[in-house]
Amino acid sequence: MKQRKPQKLLFTVLLSGALLAAGCAKEETGKTGAEPGPSQQSKEPRNIHVLLSHANAPYAMKAGADDPYVKEMSKLSGTNLKFEFLGHGGDFTKQMSIRFASAELPDLIRTDSIQSSMHKGALEQGVFTELGPLIDKYAPNLKNKLPKDIWQSPKLSKDGKIYGIPALTAMNTNRVVYIRQDWLDKLGMQQPKTLDDYLKYFEAVKQQDMNGNGDANDEYGFYVRENLDHSLFFFQEFNAHPEVWQMRNGQLTPNIIAPEMKEAIAFWRMLYEKGYINPNLFTNKSADWGAGIRQGKAGSWTHAVTNYNLDWAVDKFADKDKVKLSMIAPPEGPKGKGLMPVTDQIYFVWVIPAKTKNPEEIVKFLDWAWSDKAETFLDFGIKDKNYTEQGGQIQWDPNAPANSADSAYNFYQLSINPRGDGRMETKIVEKSPDAAALKSGMKIAADAGFKHDSLHMPQLESLNTHPELVPGTGSGTLFLEMFAKVVTGKEELDPAFDKFVAEWKKRGGDAAIKEATNWYNTFHKK
Ligand SMILES: [Ca+2]
């Protein structure tokens, strides 16, 4: 695709184009006077052109114009669907910006927020249909089946008006502790429950040659990845998860500067000093981290339940004949418990352009997707192709060729699923050979989600030009820099932490706290 103009210029084109298009639509309606209204349904199925991302799913990247799953969903929903898949990640962003600029918008569009930077200003310019009244009138399933408070998210609504319908992630929180059950068994130890239990296990792993390669020093109790990616363990135990903000003395303050954070850093310093975590934790790339775990360097690590039979399938381990894995809960710490802050569960957002005619028909389609009638197709695909029915029981095997070729099941459970990521639906999980482990892991992950005051907080304007101040352990942040120096013993905790807090506040943190507090008070109407 040829690059035309920078985004800001395109924006003007977008607005004039969109307004023009909206005007045209109105004129046409006036001329023909034969637009099918909600009570006067046209007999032809409604054409619905959907624009979305293939999200790197192999089947979606290849799906043709007369795809059998799209045909089946059209048939079941009484529509005539056309899915147009754009690229993934940065490609998607770029392609979407161009589409918005061209004002050639289809009936239904996947975006990340009604305020997305892919279409900056579009909401304010009236490019999207207001959906609240249509949902009230035509979408009982959306109202009943989606979490009640999701509609307040600024990704979906502004000033009390709804412009977006959410597609949901598979789970609200998905993080668990993975532990080598075969190592625990070999050591005659129970699964750790308290912080002390974890430390005893880490000490045993340090003392012994657990992977049996003759070197007693190449395995670690807890295995950590670069930028603490998927490794934010032993923080919430001290009420100091680095990604969240909490109201403290009337101000919404990030945990990274809270006094409790010092206790968490001291704990991590101890883990490093004693050799309970891998000394290369700050440079351990994602691929090396995964490979290290599968080579038997890790006594425990944290990751998503959904990776249980993917990255951590036992047959991928070097020691596959001996490996046994368990998914367990994090311990109760002196000040808290939890692995992952609760999320808004919004995977992406559906918007309907204002120029789309009879938008209630699109809302009805999304409502159909949330109906019980749609469930069997969205879970198991097409009858006698992806599943069979015997005596009222559905027989479905993800490894059967119709499902496994190009991971076709991802296509109906995820890629074209208007609900979002359906792959962890209970009915699907129950068909898995690992059903018991997965269900237990999902329960643990749900329980390991913890509440916080920054739920639904939008990205702060004051941090847009200060990536180094963004709370969390991202690469290049002042927090990670200080954390690494203290954990590896290059600097003392107290002076390093105090210096970091002062610097963070001075460089823009104070302004961020003010903005966050204002947001909190407005959002919660204080
Ligand atoms: Ca060893």
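Residues numbered from 1 in each chain as written. Predicted model: local features only at pLDDT ≥ 70, side-chain atom pairs only at ≥ 80, totals over all residues. Heavy atoms only, no water.

The name an unreviewed UniProt entry assigns to the chain is Extracellular solute-binding protein, from the organism Paenibacillus hemerocallicola.

Looking only at helices and strands, the chain has 18 helices and 16 strands in total. Computed over C-alpha atoms, the radius of gyration of the chain comes to 26 Å, within 12% of the 24 Å expected from 2.2 N^0.38 for 526 residues, which places it in the range of a compact globule. Counting only C-alpha atoms and orienting by the principal axes, one finds that the chain spans roughly 80 × 65 × 45 Å. With 526 residues in all, the chain has 52% of them scored as buried. (Helix = DSSP H or I, 4+ residues; strand = E, 2+ residues; numbered from the N terminus. Rg over C-alpha atoms; globule rule 2.2 N^0.38 Å. Buried < 20%, exposed > 50% of the residue type's maximum accessible area, 1.4 Å probe, protein only.)

What follows is about the packing of aromatic side chains. According to the stated counting rule, one finds 39 aromatic pairs in the structure shown. Plain terms: the ring middles of Y198 and F234 are 6.1 Å apart, the flat faces sit at 80 degrees to each other, and that makes the pair edge-to-face. Of this pair, Y198 sits in helix α8 (residues 195–207) while F234 sits in the loop between α8 and β8 (245–248), and the two are 36 residues apart along the sequence. Lying over the aromatic face of Y347, R110 brings its terminal NZ or CZ to 5.2 Å of the ring centre. Against the face of W289 rests R225, its NZ or CZ located 4.9 Å from the ring centre. (Phe/Tyr/Trp six-rings, centres within 6.5 Å; stacked < 30°, edge-to-face > 60°. Lys NZ or Arg CZ within 6 Å of the ring centre and 35° of its normal.)

Attention shifts here to the packing of helix α9 (residues 260–273) against helix α18 (residues 493–523). For the pair α9 and α18, the least separation of the axes is 11 Å and the interaxial angle reads 135 degrees. With respect to α18, the axis of α9 lies oblique. For the element pair α9 and α18, the recorded crossing hand is right-handed. Residues M261, K262, I265 and A266 of α9 form the contact with α18, whose own contacting residues are L493, D494, F497 and D498. Among the residues forming the contact of α9 with α18, the class breakdown is five nonpolar, no polar and three charged. (Axes fitted to C-alpha atoms, helices over the stretch in contact; angles between N-to-C directions. Parallel < 35°, antiparallel > 145°, perpendicular 65-115°, else oblique. Left-handed = near helix turned anticlockwise from the far one by under 90°. Contact = heavy atoms within 4.5 Å. Nonpolar A, V, L, I, M, F, W, Y, C, P; charged D, E, K, R; others polar.)

Pairing of strand β14 (residues 387–390) with strand β15 (residues 393–396) involves four bridges; the strand directions are antiparallel. If you follow T388 over to β15, its bridge partner there is Q395. Between β14 and β15, which follow one another and run antiparallel, lie two residues, and G391 among them has a positive phi close to 55 degrees. (Pairing = 2+ DSSP bridges.)

The five strands are arranged β2-β1-β3-β13-β6 in an open sheet whose pairing can be described as mixed. Because the sheet does not close on itself, it has two edges, and the strands there are β2 (79–86) and β6 (165–168). On average, each strand axis in the sheet is inclined to that of its neighbour by 25 degrees, with strand direction left out of account. In terms of strand pairing, β6 meets strand β13 (residues 346–351) through four bridges, oriented antiparallel. Residue pairing for β13: I165 is matched across the bridge by W350. Across the face of the sheet, helix α11 (residues 359–369) comes into contact with β1 (46–53), β2, β3 (108–111), β6 and β13 while running at roughly 65 degrees to β1.

What follows concerns the sheet that holds strand β10 (residues 300–304). With antiparallel pairing, three strands are arranged side by side in an open sheet as β10-β7-β11. Edge positions in the sheet fall to β10 and β11 (325–328), since each has one partner strand and no second. Each neighbouring strand pair of the sheet contributes to a mean axis angle of 35 degrees, computed without reference to strand direction. As defined by bridge partners, strand β7 (residues 175–180) adjoins β10 across five bridges and the pair is classed as antiparallel. Considered in β10, the bridge of V176 is made with H303.

Before going further, it helps to spend a moment on the domain arrangement of the chain. One can read the domain layout of the chain as domain 1 (7–29 + 45–171 + 345–415) and domain 2 (175–341 + 452–523). Each of domain 1 and domain 2 has a C-alpha centre, and the two are 35 Å apart. Opposite the five residues of domain 1 that make contact, domain 2 presents four residues. Contact between domain 1 and domain 2 buries roughly 420 Å² in total, counting both sides, with carbon and sulfur atoms accounting for 70%. Looking at the side of domain 1 facing domain 2, the largest losses of area belong to Q152, P154 and M171, adding up to 68% of the total buried there. (Domains from an automatic or database assignment. Buried area = accessible area lost by both parts, 1.4 Å probe.)

Within the protein, the atoms that donate to the calcium ion are D209 (OD), N211 (OD1), N213 (OD1), D215 (O), D218 (OD), E219 (OE) and E219 (OE), at distances of 2.1 to 3.0 Å. As a motif over one chain, the donors of the calcium ion read D-x1-N-x1-N-x1-D-x2-D-E. Its relative accessible area of 44% is what places N213 among the partly exposed residues. Note on D215: relative accessible area 34%, which makes it partly exposed. (Donors = N, O, S within 2.8 Å, 3.2 Å for Na, K, Ca; no water.)

Now for the environment of N386. In this fold, N386 is placed in the loop between α12 (372–380) and β14. Remark: the alpha-carbon pair of N386 and A408, spanning 22 residues in sequence, is separated by 9.2 Å. Beyond its immediate chain neighbours, meaning those up to four positions away, N386 contacts Y69, F380, G381, W396, A402, N403 and Y412. At a separation of 2.9 Å, a polar atom in the side chain of N386 contacts the side chain of N403. (Polar contact = N/O pair within 3.5 Å; in protein donor to acceptor, adjacent residues only side chain to side chain.)

What follows deals with the confidence of the model for the chain. Looking at the chain as a whole, its pLDDT mean stands at 92, while 92% of the residues score no less than 70. Overall, residues 1–39 carries pLDDT values under 50, and its contacts beyond four positions in sequence, including any with other chains, amount to 37 contacts. (pLDDT = per-residue confidence, 0-100.)

Attention shifts here to the nonpolar core. Counting residues in each nonpolar core, the largest one holds 67 residues, and the members touching the most others are Y69, M73, F83, W350 and I416. In contact with I416, not counting residues within four places along its chain, are Y69, V70, M73, F83, F85, F377 and F411. (Core = buried A, V, L, I, M, F, W, Y, C linked by side-chain atoms within 4.5 Å.)

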